[in-house]
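# What the coordinates show
The residues making up each chain are set out below.
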Amino acid sequence: MRNQKPILNTNEQIAHLQSKGVKFNLISVDEAKKYLELNNNYFKLRAYRKNFPKHPDGPLKGQYINLDFAMLKDLAIIDMHLRYLLLQMSLDIEHFAKVRLLKAIENNNNDGYSIVIDYIDSLSPQRKRILQEELARNQNNPYCGGIISKYNGCYPIWAFIEIITFGTLIHLYDFCITKLCLKKMKSDYYLLSTIRELRNAAAHNNCFIYDMSANDAQHKPDPKMLMALKNIPTTTKQKRFKNERTRQIITLLYTHKTFVSSQGVFSARKEALNKLIERIFHHIDYYADNKMILSNFNFLKNVVDILYP
């Protein structure tokens, strides 16, 4: 139980922020208190402070430079809009991934049943047990329990993909690529694997833009995605893609453009992205002295302009 920190009431939260150099010039202390009490929690809001530098020495050493509470609030609101839109787009991708997979199986003259049997037979005992537990949990599910009871273990592919998790769908996708020699779809698997982690984060309301300067990328960006963004300078892309959350966000935008075949869905998300960009730049004057935030926001705008013209 080391490093325990006491819970702070709203007045103590404000005092703690002030002790770290956070100003209340753009928004009053009373307005900030109301926001913390009604709209957001302190722990989540203060995460966005990582986007601001600290004084390296002198009497203000350790305090944040040019950070106002209004900026934390603004970033939290932007993050909320971004998170909700990314979740919508990830659901679009899941739907159209199923469409792509079913079409590929149809084109290979598979009956749709044998591919599911082969997939389940290929699973390790541990993974097979996990799948069985997934299906058992969903037997009484009001949304997909009827599918499970109807087919009673003998699932055609079009039914099977509706009763499994996104993670299992991606695993099945990879199996079908190998089984049916769908080499052109191999990159889809890596794109979907990236989307899965982002989708889970969005569904759990995790923060996305709390530390845009972090160099924590775990994987390299997709080569085809880099080619699609060829009009953006290579040095800019290299710098931005060092951040894992940035890599995942841009990968989702690229995958959505690649997977979604419905013009109506594409147009709706394009409109939503443009509104998001408008919201991001609504208070851009707040960050006139913060090159890191400005460069990240401009990068996102450039990507949207290229992929969703």
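Residues numbered from 1 in each chain as written. Predicted model: local features only at pLDDT ≥ 70, side-chain atom pairs only at ≥ 80, totals over all residues. Heavy atoms only, no water.

## Some thoughts on the overall build of the chain
On a plain count of helices and strands, the chain comes out with 15 helices and zero strands. Counting every position in the chain, which comprises 309 residues, the buried fraction comes to 46%. Residue pairs in contact within the chain that sit at least 24 positions apart in sequence constitute 74% of those at least 6 positions apart. By element, 51% of the accessible surface of the chain is carried by carbon and sulfur atoms, the whole surface being about 17,000 Å². The averaged location of the 29 negative side-chain charges in the chain is 4 Å from the averaged location of its 44 positive side-chain charges. (Helix = DSSP H or I, 4+ residues; strand = E, 2+ residues; numbered from the N terminus. Buried < 20%, exposed > 50% of the residue type's maximum accessible area, 1.4 Å probe, protein only. Contact = heavy atoms within 4.5 Å. Areas by Shrake-Rupley, 256 points an atom, 1.4 Å probe, with all protein chains shown as cover. Lys, Arg positive; Asp, Glu negative; His and termini not counted. Charge placed at Lys NZ, Arg CZ, Asp CG, Glu CD.)

## Observations concerning unusual backbone geometry
For Asn66, which is not a glycine, the phi torsion comes out positive at approximately 50°. Relative to the helices and strands, Asn66 is located in the loop between helix H3 (42–46) and helix H4 (69–107). Relative accessible area serves as the criterion here: at 49%, Asn66 is assigned to the partly exposed category. Of note in this structure, Asn109 is not a glycine but carries a positive phi near 55°. For Asn109, the position within the fold is in the loop between H4 and helix H5 (114–122).

## Regarding the nonpolar core
Formed by 93 residues in total, the largest nonpolar core has its most connected members in Phe69, Phe160, Leu172, Phe208, Ile250 and Leu253. Counting residues per element, this core draws most heavily on H4, which supplies 17 residues. Dropping the residues within four chain positions of it, Phe69 is found in contact with Leu17, Val22, Lys23, Phe24, Ile27, Ala32, Tyr35, Leu36 and Leu45. (Core = buried A, V, L, I, M, F, W, Y, C linked by side-chain atoms within 4.5 Å.)

## Re the side chain of Glu94
Tracing the sequence through the fold places Glu94 in helix H4. Sequence-distant contacts of Glu94, defined by excluding residues within four places in its chain, comprise Phe166, Leu169 and Arg199.

## Details of the environment of Ala136
Inspection of the secondary structure assignment puts Ala136 in helix H6 (residues 125–137). Distance from Ala136 to Ile148, taken between C-alpha atoms, is 9.0 Å for residues 12 residues apart in sequence.

## Details of the pattern of salt bridges
One pass over the structure, following the stated rule, counts 14 salt bridges. Its salt-bridge partner being Asp216, residue Arg245 comes within 3.3 Å of it at the nearest N-O pair. Linking Arg245 in helix H13 (residues 244–259) with Asp216 in the loop between helix H10 (186–203) and helix H11 (223–228), this pair joins segments that are 29 residues apart in sequence. Among the residues examined, Arg245 registers a relative accessible area of 14% and is labelled buried. The partly exposed category is assigned to Asp216, whose relative accessible area is 29%. Residues Glu244 and Arg247 are paired through a salt bridge, measuring 2.8 Å at the closest nitrogen-oxygen approach. Separated by three residues within a single helix, Glu244 and Arg247 lie in helix H13, roughly one turn from each other. Put simply, Glu94, Lys98, Glu162 and Arg199 are held in one network by salt bridges that share partners. (Salt bridge = Lys/Arg side-chain N within 4 Å of Asp/Glu carboxyl O.)

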